Amino acid sequence: MFKESEKVINSNGIACVIDRIERMKMPHTKVRKNYYVMHEITNKDNVYYVPTDSEGSMRYPLSNEEATALIDSIEDIEKTEILAERFRDEEYRRYIRESSPKMLIALLKYFRDRKKSRLSMGKTLSSVDERYMKLVSRNLYSELSCSLSIPVAEVESIITEKIG
């Protein structure tokens, strides 16, 4: 069980701090149960309520050493390939649900190449691609910011430089 004040990656892949554990009844349920009440590290106004019995979908963020090693190995991480255009949305969601920083980097590399390819044809990224690219970036940058104790903007700069 996670404790108050601990940093976690919630089930949406967002870096959060647990404010408290509270017993409550949510409007759509009939049963009172314990919830982690947490706020997003990068935006304290975003509050999440996660049932303590679904903590299996949460994890601790990377350690400082793991985050540094990940950044150092970015060049070696292969970009992902989304072959079935019709199922891109499902694939993006699967990668985000996995919430593995390595998979998120692979997906960012895919978006980089897809954007370059579409720009060369005089097109822009689709709204679906744009939405998921922002989501992946937010999740990855917030976790690395949390792990390295540096601002999100600095993490973004480092990752952008490494990915190209």
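From a predicted model like this one, the values you see are computed outputs, not experimental measurements.

## Overview of unusual backbone geometry
Unlike most non-glycine residues, Ser 5 shows phi in positive territory, near 75 degrees. Tracing the backbone through its elements, the reader meets Ser 5 in the segment before strand E1 (7–9). Even without glycine at this site, Ser 149 takes up a positive phi of about 55 degrees. Position of Ser 149 among the secondary structure elements: in the loop between helix H4 (127–148) and helix H5 (152–163).

## Here we look at the packing of helix H1 (residues 64–72) against H4
Relative to each other, H1 and H4 sit at 130 degrees, their axes nearing to 8 Å. In terms of their interaxial angle, H1 and H4 are classed as oblique. Helix-helix and strand crossings are classified by hand; for H1 and H4 the assignment is left-handed. Touching Asn 64, Ala 67, Thr 68, Leu 70 and Ile 71 of H1 are Leu 144, Ser 147 and Leu 148, all from H4. In the contact of H1 with H4, the residues fall into 5 nonpolar, 3 polar and no charged.

## A closer look at the confidence of the model for the protein chain
Per-residue confidence for the protein chain averages 92 on the pLDDT scale, and 100% of its residues sit at or above 70. When the elements of the protein chain are averaged for pLDDT, helix H2 (residues 88–98) gives the smallest value, 86, and H1 the largest, 97.

Rules used in this analysis
Residues numbered from 1 in each chain as written. Predicted model: local features only at pLDDT ≥ 70, side-chain atom pairs only at ≥ 80, totals over all residues. Heavy atoms only, no water. Helix = DSSP H or I, 4+ residues; strand = E, 2+ residues; numbered from the N terminus. Axes fitted to C-alpha atoms, helices over the stretch in contact; angles between N-to-C directions. Parallel < 35°, antiparallel > 145°, perpendicular 65-115°, else oblique. Left-handed = near helix turned anticlockwise from the far one by under 90°. Contact = heavy atoms within 4.5 Å. Nonpolar A, V, L, I, M, F, W, Y, C, P; charged D, E, K, R; others polar. pLDDT = per-residue confidence, 0-100.

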